[in-house]
There are 2 protein chains.
Amino acid sequence: MASPSGFERGLDHGFDLDALPLRERKKIQTGIRLWRTAVTLFAERGFDQVSVAEIAAAADVSKMTVFNYFPTKEDLVMGPMEQHIDEPARVVRERAPGSSAVQALRAHYLAALAVFDPSTGLSDDRVVLDVVRVIHQTPTLLVRATAGFDRKSQTLLAAELLAQDPDHDEFTAKVAAAQLLAAQLTLTADNQRRMLTGERAEDALPAALDAAHRAFAMVERGLGDYGAGTA
Amino acid sequence: MASPSGFERGLDHGFDLDALPLRERKKIQTGIRLWRTAVTLFAERGFDQVSVAEIAAAADVSKMTVFNYFPTKEDLVMGPMEQHIDEPARVVRERAPGSSAVQALRAHYLAALAVFDPSTGLSDDRVVLDVVRVIHQTPTLLVRATAGFDRKSQTLLAAELLAQDPDHDEFTAKVAAAQLLAAQLTLTADNQRRMLTGERAEDALPAALDAAHRAFAMVERGLGDYGAGTA
DNA sequence: CACCATTTTTGGACCGGGTCAATTCTTAAG
DNA sequence: CTTAAGAATTGACCCGGTCCAAAAATGGTG
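How each quantity is defined
Residues numbered from 1 in each chain as written. Chains lettered and ligands numbered in written order. Predicted model: local features only at pLDDT ≥ 70, side-chain atom pairs only at ≥ 80, totals over all residues. Domains from an automatic or database assignment. Contact = placed C-beta atoms within 7 Å. Nonpolar A, V, L, I, M, F, W, Y, C, P; charged D, E, K, R; others polar. Core = buried A, V, L, I, M, F, W, Y, C linked by C-beta atoms within 7 Å. Buried ≥ 20, exposed ≤ 12 C-beta atoms within 10 Å, placed from the backbone. Helix = DSSP H or I, 4+ residues; strand = E, 2+ residues; numbered from the N terminus. Near = placed C-beta within 6 Å. Least-squares fit on C-alpha atoms with pLDDT ≥ 70 in both.

1. As for the domain arrangement of chain A
Interfaces are frequently sized by the accessible area removed from exposure as the parts join.
Residue and element names in this part refer to chain A.
Line of reasoning, step 1. By the assigned domains, chain A splits into domain 1 (6–75) and domain 2 (84–223).
Line of reasoning, step 2. Of note, the centres of domain 1 and domain 2, computed from C-alpha atoms alone, are 27 Å apart.
Line of reasoning, step 3. Each partner contributes to the interface: domain 1 provides nine residues, whereas domain 2 provides twelve residues.
Line of reasoning, step 4. For the side of domain 1 that touches domain 2, the per-class residue count stands at five nonpolar, two polar and two charged.

2. Focus on the nonpolar core
Line of reasoning, step 1. With 115 residues, the main nonpolar core has Leu180 and Ala183 of chain A together with Leu180 and Ala183 of chain B as its most contacted residues.
Line of reasoning, step 2. Among residues more than four places away in sequence, those in contact with Leu180 of chain B are Ala101, Val102, Leu105, Leu157 and Val219 of chain B.

3. Concerning the environment of Tyr69 of chain B
Residues and elements named next belong to chain B.
Line of reasoning, step 1. Tracing the chain through its elements places Tyr69 in helix 3 (residues 63–69).
Line of reasoning, step 2. Among the residues examined, Tyr69 registers 20 C-beta atoms within 10 Å and is labelled buried.
Line of reasoning, step 3. Residues Tyr69 and Ile32, 37 residues apart in the sequence, show an inter-C-alpha distance of 9.8 Å.
Line of reasoning, step 4. Those residues in contact with Tyr69 that sit more than four places away from it in its chain are Thr30, Gly31 and Leu34.

4. Thoughts on the protein's contact with DNA strand D
Line of reasoning, step 1. Lining the immediate environment of DNA strand D, one finds 17 residues, of which Ser62 and Met64 of chain A together with Ser51, Thr72 and Lys73 of chain B sit closest.
Line of reasoning, step 2. Those elements that place two or more of their residues in the surface near DNA strand D are helix 3 (63–69) of chain A together with helix 1 (22–45), helix 2 (52–58) and helix 3 of chain B.
Line of reasoning, step 3. Top element by residues in the surface near DNA strand D is helix 3 of chain A. It accounts for three residues.

5. With respect to the protein's contact with DNA strand C
Line of reasoning, step 1. Taken together, 16 residues form the shell around DNA strand C, and within it Ser51 and Lys73 of chain A together with Ser62, Met64 and Thr65 of chain B come nearest.
Line of reasoning, step 2. Within the residue set of the surface near DNA strand C, elements represented by two or more residues are helix 1 (22–45), helix 2 (52–58) and helix 3 of chain A together with helix 3 of chain B.
Line of reasoning, step 3. Looking at the surface near DNA strand C element by element, the count peaks at three residues for helix 3 of chain B.

6. Focus: the relation of the copies chain A and chain B
Line of reasoning, step 1. For the match of chain A to chain B, the screw axis carries a shift of 0.1 Å, the RMSD comes to 0.2 Å, and the turn is 179 degrees. Taken together, these values place the two copies in the relation of a two-fold axis. For chain A, the residue whose C-alpha comes nearest the rotation axis is Gly222 of chain A, separated from it by 1.7 Å.
Line of reasoning, step 2. Of all interface residues in chain A, 100% are interface residues in chain B too; the two copies therefore contact each other through one and the same surface.

Here you go:
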């Protein structure tokens with residue numbers, strides 16, 4: 001029932017839906033039902049204007065059950081998108097031999113843009129847009145979407161950089177990870193902002209690709225004398 | 001009474017303490033008293049293990065009064081350090097003509113290090129250390145200290161960069177701001193981590209200065225082929 | 001000094017998010 | 001069919017935060 005819409009795929013655990021104990025399947029279905037009703041209500045009236053009790057009632061469960069599936073109210077929105085946390089580290093780990101960290105992450109990001117992966121912010125999908133809109137309208141969610149996500153992701157990437165390249169020290173790896181993810185996060189935020197103004201993803205693609213090239217180039221070549229006026 | 005300890009200076013509004021209506025003075029004193037008792041209790045037993053009611057009781061006030069001075073429980077910890085939000089933007093705005101954004105921010109940060117300004121993370125002060133320890137032990141505070149602080153700061157810096165240098169576009173300014181603050185944040189986090197291990201600020205100063213030089217250099221010159229192995 | 005106007009403080013009731021111990025239901029074995 | 005084990009579920013509870021009306025404290029004024 002209904003299209004998985006990209007985000008929902010994050011709610012199962014990567015297995016085949018129809019191939020496991022009937023018990024587990026029901027659990028997964030309940031999780032998806034909860035998430036979907038929550039997002040719908042949030043999109044209609046705003047995150048803070050919907051109580052968890054209300055979501056529970058709308059999904060015919062008790063309040064506690066909701067917290068059983070999602071540890072906090074915020075997770076009802078953020079949960080599914082947090083499976084991407086280890087992606088940057090993975091991309092760097094599995095990069096082609098001899099290619100730099102910047103090259104690997106840029107290539108990965110450009111590819112994701114080309115297929116309109118929701119994680120790039122460049123997506124028309126109605127549900128994805130609902131989620132993004134709710135996040136951008138709710139300060140606490142926005143903070144968590146950036147920092148909360150980014151911090152863990154950054155730690156993992158730094159560890160990966162250090163492991164793969166032991167001639168650089170730990171601090172250098174941390175700074176590099178911060179630079180890379182800051183660029184990527186800025187790109188995604190910009191794409192999301194454009195989508196929220198109603199622009200179609202396909203129309204925004206060229207600009208998004210160009211922006212990505214420029215952002216990663218800034219990380220690769222540095223800011224130089226940016227701001228010195230005499231450039 | 002008791003040493004102002006750097007942080008507490010953030011609680012008054014920059015005026016002379018003893019020169020204004022007795023009414024205002026009492027208010028400021030109460031604010032400091034509340035903040036200090038809260039930090040003490042947090043340091044002793046952890047942020048989540050101390051209720052606001054308890055703080056109010058320890059300071060001989062009602063719960064409502066606490067919220068009257070600090071909008072949220074988190075502000076009891078973070079409040080004083082959030083006055084630095086507009087600092088990066090100010091530094092860039094007031095930089096010497098012809099100097100780049102990187103140069104201006106690096107010089108400012110190095111100067112702050114040299115005087116052990118708490119905002120750099122390099123500070124021995126007992127109260128500062130208490131606050132930093134509490135923040136690092138409490139996930140929600142850590143998120144707010146990084147993202148929450150950084151996001152606003154970053155927006156301001158990006159706006160400043162754009163205003164001062166109209167030949168660069170808005171997106172470039174955003175990426176540049178993100179790069180600069182990511183480096184600075186990484187530096188500060190690293191310094192704080194070192195202080196929490198018990199290292200003396202004076203002993204850590206040389207390493208901190210060196211790290212700052214390297215971090216800003218990475219922003220200035222770029223990551224290049226970092227990770228390519230063939231450096 | 002006494003009085004009024006303004007502001008701060010207070011207590012209490014209340015709401016929503018989140019936790020816990022106990023209850024109910026499902027499931028599998030005998 | 002009975003029963004014991006284990007999980008899903010629940011209702012009672014705690015804490016952060018808001019709202020309100022009343023009480024207290026302060027500053028200015030006759």
